[in-house]
Amino acid sequence: MVDPKKQESGVKPRIQTLDMLNSSQVEAIREIPAYGTQPPPIMTRHYPTANFTNAKRFQDEQEKIFRRLPVPIIPSVRLPEAGTVLAHNEYGLPLLIVRGKDGSLKLFLNACQHKGAKLVEECSVQKLSRLTCPYHSWTYGLDGKLLAIARQDAFEAIDKADFPLTELPVKECGGIIWGILDRHAKGDFSSITPDIEADLKSLEIPTAHLYGHHTFELDANWKLVLEPFMESYHVPRLHASSIGKLFGDVTRIIDMLGLHQRKVAGKINYQPEMLEETGTNIHKTVTFAYQLFPNAVLITSPYYTSLMILMPISERKTKVDYYMLTLEEPKTDKGRDLYKRSYDLVLKVFGEEDFRAAQISQEGLDSGALDKMTYGGMENTIPMYYDQLEAYLNGEA
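Here the residue index of a chain counts from 1 through its sequence in written order. With the structure being a predicted model, the display of local features is reserved for residues of pLDDT at least 70 and the display and counting of side-chain atom pairs for 80 or more, all residues being used for whole-chain, interface and lining totals. By convention in this description, side-chain values take in all heavy atoms of the structure and omit both hydrogens and water.

## So, the side chain of Glu204
Here is step 1 of the chain: Helix and strand assignments come from DSSP, with helices taken as H or I runs of at least 4 residues and strands as E runs of at least 2, each series counted from the N terminus. With respect to the secondary-structure elements, Glu204 resides in the loop between helix 4 (194-202) and strand 13 (209-218).
Here is step 2 of the chain: Whether two residues are in contact is decided by their heavy atoms, any of which lying within 4.5 Å being enough. If sequence neighbours within four positions are ignored, Glu204 has contacts with Arg14, Gln16, Met20 and Leu327.

## Here we look at the confidence of the model for the chain
Here is step 1 of the chain: The pLDDT score gives, residue by residue, the confidence of the prediction method on a 0 to 100 scale. Chain-level statistics for the chain give a pLDDT mean of 95 and a share of 97% at 70 or above.
Here is step 2 of the chain: The model gives residues 1-9 a pLDDT under 50, and that stretch makes 6 contacts with residues more than four places away or in other chains.

## Examining the sheet that holds strand 5 (residues 105-109)
Here is step 1 of the chain: Two strands pair under a simple rule: DSSP has to find at least two bridges between them. Reading across the sheet, the 5 strands line up as 6-3-4-5-10 and stay open at both edges, with antiparallel pairing between neighbours. Two strands lie at the open edges of the sheet, namely strand 6 (126-127) and strand 10 (167-168), each paired on one side alone.
Here is step 2 of the chain: In this sheet, strand 6 lies alongside strand 3 (residues 84-88) in antiparallel orientation, the contact comprising 2 bridges. Bridge pairing links Val85 to Gln126 in strand 6.

## Comments concerning the pattern of salt bridges
One side chain can pair with another of opposite charge once the charged atoms of both are near each other.
Here is step 1 of the chain: Any carboxyl oxygen of Asp or Glu within 4 Å of a side-chain nitrogen of Lys or Arg constitutes a salt bridge here. For the structure shown, the criterion picks out 25 salt bridges.
Here is step 2 of the chain: A salt bridge links Glu61 to Lys223; its shortest N-O distance comes to 2.8 Å. Taken together, the residues span a long stretch of sequence, with Glu61 in helix 3 (residues 55-66) and Lys223 in helix 5 (residues 222-226) at a distance of 162 residues. The residues Glu61 and Lys223 share a single accessibility class, namely buried. Residue exposure (1.4 Å probe, protein chains only): buried if accessible area is under 20% of the type maximum, exposed if over 50%, otherwise partly exposed.

## Section: the packing of aromatic side chains
Here is step 1 of the chain: When the centres of two rings from Phe, Tyr and Trp lie within 6.5 Å, Trp using its six-membered ring, the rings pair. Their planes under 30 degrees apart give stacked, over 60 give edge-to-face, and anything left gives tilted. Applying the stated criterion across every chain yields a total of 19 aromatic pairs.
Here is step 2 of the chain: On the numbers, 5.6 Å between centres and 75° between planes, the contact of Tyr211 with Tyr343 is edge-to-face. Taken together, the positions of Tyr211 in strand 13 and Tyr343 in helix 8 (residues 333-366) put the pair 132 residues apart, joining distant regions of the chain.
Here is step 3 of the chain: The partly exposed category is assigned to Tyr211, whose relative accessible area is 26%.
Here is step 4 of the chain: Centre to centre, the rings of Phe293 and Tyr385 are 5.7 Å apart; their planes meet at 65°, and the pair counts as edge-to-face. Here Tyr385 lies in helix 9 (residues 381-393) and Phe293 lies in the loop between strand 16 (286-292) and strand 17 (296-300), a separation of 92 residues in the sequence.
Here is step 5 of the chain: Its relative accessible area of 3% is what places Phe293 among the buried residues.
Here is step 6 of the chain: By relative accessible area, Tyr385 is classed as buried at 0%.

## Quick look at the pairing of strand 20 (residues 372-376)
Note on strand geometry: in a regular strand, side chains alternate between the two faces of the sheet.
Here is step 1 of the chain: What you see with strand 20 is a clean split: Met373 and Tyr375 sit on the buried side and Lys372, Thr374 and Gly376 on the side with no burial.
Here is step 2 of the chain: In this sheet, strand 20 lies alongside strand 1 (residues 44-48) in antiparallel orientation, the contact comprising 5 bridges. Across the sheet, the residue bridging to Tyr47 is Met373, located in strand 20.

## Some details on the sheet that holds strand 15 (residues 260-266)
Here is step 1 of the chain: Across the sheet, 7 strands lie side by side as 13-19-18-17-16-15-14; this open sheet has antiparallel pairing. Every other strand in the sheet has two partners, leaving strand 13 and strand 14 (252-257) as the edge strands with one partner each. For this sheet, the mean inter-axis angle between neighbouring strands, taken without regard to orientation, is 15°.
Here is step 2 of the chain: Judged from the 9 bridges that link them, strand 13 and strand 19 (residues 317-326) form a sheet pairing that is antiparallel. Comment: axis = line fitted to C-alpha atoms, over the contacting stretch for helices; angle = value between 0 and 180 degrees taken between N-to-C directions.

## Quick notes on helix 8
Here is step 1 of the chain: For a helix, the expected span equals 1.5 Å multiplied by the number of residues minus one. Compared with the 50 Å implied by 1.5 Å per residue over 34 residues, the 48 Å span of helix 8 between its first and last C-alpha is a close match.
Here is step 2 of the chain: Throughout, the bend at a residue refers to the angle made by two axes, fitted to the seven residues ending there and to the seven starting there. Taken as a whole, helix 8 carries its principal kink of about 35° at Arg356.
Here is step 3 of the chain: Gly368, located one to two residues past helix 8, shows a positive phi value of around 80°.

## Side note on the packing of helix 3 against helix 9
Here is step 1 of the chain: Their axes nearest at 9 Å, the elements helix 3 and helix 9 cross at an angle of 80°. As judged from the angle between their axes, helix 3 and helix 9 are roughly perpendicular. Along its contact with helix 3, which presents Arg57, Asp60, Glu61, Lys64 and Ile65, the element helix 9 presents Leu389, Glu390, Tyr392 and Leu393.
Here is step 2 of the chain: For this classification, Asp, Glu, Lys and Arg are treated as charged, while Ala, Val, Leu, Ile, Met, Phe, Trp, Tyr, Cys and Pro are nonpolar and the rest, including Gly, are polar. Broken down by class, the residue content of the contact of helix 3 with helix 9 amounts to 4 nonpolar, no polar and 5 charged. Angles are sorted into four bins: roughly parallel if under 35 degrees, roughly antiparallel if over 145, roughly perpendicular if 65 to 115, and oblique for all others.

## Some words on the environment of Lys331
Here is step 1 of the chain: With respect to the helices, strands and loops of the structure, Lys331 is situated in the loop between strand 19 and helix 8.
Here is step 2 of the chain: The exposure class assigned to Lys331 is partly exposed, which follows from its relative accessible area of 48%.
Here is step 3 of the chain: Side-chain polar atoms of Lys331 contact the side chain of Glu328, separated by 2.9 Å. Side-chain atoms alone can form a polar contact between residues adjacent in sequence; in general such a contact is a pair of N or O atoms within 3.5 Å, and within protein one must be able to donate a hydrogen while the other accepts it.

Here it is in structure tokens:
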């Protein structure tokens, strides 16, 4: 008889191999030069520090980017079951994400059409068949239609059909739920292009297991929080005592997938012939980092993928929802230990290193010590991104 413990110990966590990626991803990987053989790009660009401290600038970003374009709200895996709802307040709006009984997705403003009270107050996934306002018990279906008015006989000539919940455009794509946070906006999701969807599908984001979720509240402008995840210059320096030794000053292959940046680089001592070893974990050899426009980051690791959604609160405050996604739920004690150690490490590295760097940079900028930020060749994707932002802010996109 087979010992279940021994049988379980032989089950290894699922991995991805090179042949599991799409042709575009493989092509980018095969462009990576051997470690240390290619000099960095050379450039110097500047960006005004007021863009990280000015309240008017922040309001412009909110109006012309965060209320106009699709923004990521949550990964699909956070709301996988039919007949579930999730209240979400992090974008400064009371949102209600609803997975209908048929599995379809709706996004509403979480406000009763009677007097505006939130229908769902707790920001956790709940299994519900209808939505009842806690104030006066107006009741809605998961499709947003008003089903019942308490003591309707006290109202004159009122028609329930005139009081549906306010719906926002929503789209589920690549394993991420995206919304447009303007009730009057058209549902234009063309910025989420087929090529970025294909990459997310190849990384198995739509079918991922949600291992962990943590929210960080940071005293820094959202762009300062985003910057470390768009460049490799800081990695062997800021992360010298943690993960820096795995990377070094690597050469990145950069592609634009519509508005979204894809960067892929080999680990330290990378050699192209490593790709010819069949059946090996490709994410031990290379790292993908995506900047999902406008405000999310997705980074691959050998046994998990990190998804971060940055939600601006003010010109000096940001909330970050961090999600650790795995190919499957751990099935063994060894797998559970691996995922726990990975989760603890990534929260420590991001929280105490990357996010700390953003916060101490904000303090320096607030002091008035400098008028402009300076970017070199190893940070070249940051000015690329800021050029995109400026195009929207200046009405050119």
